[in-house]
Amino acid sequence: MWSSPGRKVVTSWIVLSVIATPIVAFVLGPHLPPGNGSAQASEQVLANTWMTAIVTPVICLLLVFFVYVLTQFRHTGGELVDGPPLRDDAQVRVWWTALTSLTVLFLAGFGTFELLQNGSGGGQGPDPIAIPGGPKIPVQVIAQQWQFTYRYPTYGGLETPQLVLPANTDIELHVTSLDAIHSFWAYELGVKADANPGIDNVAFVKTRGPRVFHVRCAELCGLWHGYMFNEGRVVPMAQFTAWIESQQRDFAPILKYLPKYAKVYFPDPQRRAG
Ligand SMILES: [Cu+2]
């Protein structure tokens, strides 16, 4: 068995971990980002909670060992000599390999399971693997230097600078770009998807109750990247329908100048933004 200093380190580690891990999991966990603004955001909070809880004993071990080394291995005068050489320890080797392998395999399995549920809010490319069942409202996100616009193909291809979504509804986001590489990040909804020209990047989100959320470009995309943000709203279905009708009325005069709704667009390269 381990020597008494070794046992002291392991005992302190276990005691500290048993105290700290539930605090991290149950007190800190529910406050981790990005909150519960959508089903996918809640899954991300759950994943963040698991990862933070699992890393807690690892940090505890580092702290205990750090304190042990600082207090025990002190030079207290006299001639400075090296300690006795440490050789192999079969028990430490077996435990070390088993615990780290289990941790990594568990997290890999957990992450894969979560991703396969419904994509967990990430862009899945043009051919998504994880598609939630049931009806979905498609919304296209078009990024360009330096703003986002949104098209609603099931509402006559309406294009608007506002992102409004109905509450408690599955949304199928089609993210693309007209020029540089951007990234559509709807923080409170737990959605982040690359916006690349010529690519239809699909991400899914199931909204919850009415709320405001923030949209930011999360990819350095040129001079005014820092100003490429706006606010979106999740509203009750009746309000959403009324909003869509008002937008259709407002943008009807320019709809005929827009290209027909498509998965990607290739604007005339002579036409420069700005
Ligand atoms: Cu951008």
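Only a predicted model underlies this, so the values are computations on that prediction, with no experimental measurement involved.

Right, let's talk about the overall build of the protein chain for a bit. Of regular secondary structure, the protein chain possesses four helices and 10 strands. When the helices and strands of the protein chain are read in sequence order from the N terminus, they spell out α-α-α-β-β-β-β-β-β-β-β-β-β-α. Here the protein chain has a C-alpha radius of gyration of 26 Å; the compact-globule value for 274 residues is 19 Å, and the former is much larger. Principal-axis analysis of the C-alpha atoms places the extent of the protein chain at approximately 90 × 40 × 30 Å. Per-residue burial for the protein chain yields a buried fraction of 35% across its 274 residues. When the accessible surface of the protein chain is split by element, carbon and sulfur atoms take 66% of a total near 16300 Å².

A few words on the pattern of salt bridges. If you walk through the whole model with that rule in mind, you get one salt bridge. One salt bridge in this structure joins Asp88 and Arg93, with 2.6 Å as the shortest N-O distance. Using a relative accessible area of 45% as the deciding quantity, one classes Arg93 as partly exposed.

Quick look at the pairing of strand E8 (residues 201–206) now. Taken across its six residues, E8 has five buried, putting it largely inside the fold. Bridging between strand E5 (residues 170–177) and E8 involves six bridges; their strand directions are antiparallel. Among the inter-strand pairings, His174 is bridged to a residue of E8, identified as Val202.

A separate point is the domain arrangement of the protein chain. Segmentation of the protein chain into domains returns domain 1 (4–72) and domain 2 (137–255). One C-alpha centre belongs to domain 1, the other to domain 2, and the line joining them spans 37 Å. Between domain 1 and domain 2, the residue contacts involve 10 residues of the former and nine residues of the latter. Note on domain 1 versus domain 2: buried area summed over both sides is about 790 Å², and carbon and sulfur give 45% of it. When residues of domain 1 are sorted by the area they lose upon contact with domain 2, Pro34, Gly37 and Gln40 head the list and together hold 52% of the total. Run the count over domain 1 and domain 2 and you get zero salt bridges.

This part is about the coordination of the copper ion. For the copper ion, every protein donor is listed as His182 (ND1), Cys217 (SG), Cys221 (SG) and Met228 (SD), and the spread of their distances is 2.0 to 2.6 Å. Taken together, the four donor atoms surrounding the copper ion define angles of 93 to 125° at the centre, an arrangement classified as tetrahedral. Donor residues for the copper ion sit on one chain with the sequence pattern H-x34-C-x3-C-x6-M. Taken individually, Cys221 and Met228 each receive the classification buried, so the pair is uniform in this respect.

On the surface, a nonpolar cluster with roughly 500 Å² of combined accessible area is contributed by Leu16, Val55, Val58, Ile59, Leu62 and Leu63. With five residues, helix H2 (residues 39–72) is the largest single contributor of residues to the nonpolar patch. Looking at where Leu16 falls in the secondary structure, it is placed in helix H1 (residues 4–28).

A few words on helix H4 (residues 237–255). Residue Arg249 marks the point of greatest curvature in H4, where the axis turns by about 35°; the proline Pro253 follows within four residues. Buried residues of H4: Phe240, Trp243, Ile244 and Gln247, and no others. Buried-residue contacts for H4 involve strand E1 (137–144), strand E2 (147–152), strand E3 (158–160), strand E4 (163–166) and strand E10 (229–235).

Right, let's talk about the nonpolar core for a bit. Within the largest apolar cluster, 33 residues are counted, with the highest numbers of intra-cluster contacts made by Val139, Phe148, Tyr150, Tyr152, Leu163, Leu173 and Phe184. The contact partners of Val139, leaving out residues within four places of it in the chain, are Tyr150, Arg151, Tyr152, Pro153, Leu163, Leu165, Ile171, Glu172, Leu173 and His174.

Calculation notes
Just so you know, the residues in each chain are numbered from 1, in the order the chain's sequence is written. Reporting in this predicted model follows two pLDDT cut-offs: at least 70 for local features of residues, and 80 or more for side-chain atom pairs to be given and counted; totals over whole chains, interfaces and linings ignore these cut-offs and use all residues. To obtain the side-chain values, all non-hydrogen atoms of the structure were included, while hydrogens and water were left out. Think of it this way: any DSSP run of H or I at least four residues long counts as a helix, any run of E at least two long counts as a strand, and we number them from the N terminus. Within these notes, the globule rule equals 2.2 Å times the number of residues to the 0.38 power, and the radius of gyration is based on C-alpha atoms. Note on exposure labels: buried denotes an accessible area under 20% of the residue type's maximum, exposed denotes more than 50%, and partly exposed covers the range between, all computed with a 1.4 Å probe on protein chains only. Method for areas: the Shrake-Rupley scheme with a 1.4 Å probe, in which residue coverage is limited to the protein chains shown. For salt bridges, the criterion is a side-chain nitrogen of Lys or Arg within 4 Å of an Asp or Glu carboxyl oxygen. Any two strands are treated as partners once DSSP identifies two or more bridges connecting them. Here the limits of each domain have been adopted from an automatic or database domain assignment. Working rule for contacts: check all heavy atoms of both residues, and any pair within 4.5 Å makes them a contact. Accessible area that two parts lose when put together, with a 1.4 Å probe and added across both, is what the buried area reports. The donor set comprises N, O and S atoms within 2.8 Å of the metal, extended to 3.2 Å for Na, K and Ca; water molecules are omitted, so apparent gaps in a site may simply reflect that omission. Any site counts as irregular unless it has four donors with all angles between 85 and 135 degrees, making it tetrahedral, or four or six donors with opposite ones more than 155 degrees apart and the rest between 65 and 115, making it square planar or octahedral. Patch members must show over 30% relative accessible area and no salt bridge, and they are joined within 9 Å when carrying like charges or within 5 Å when they are nonpolar side chains of Val, Leu, Ile, Met, Phe, Trp or Tyr. Two axes define the bend at a residue: one fitted to the seven residues ending there, one fitted to the seven starting there, and the bend is the angle between them. By nonpolar core we mean a set of buried residues, namely Ala, Val, Leu, Ile, Met, Phe, Trp, Tyr and Cys, connected to one another through side-chain atoms within 4.5 Å.

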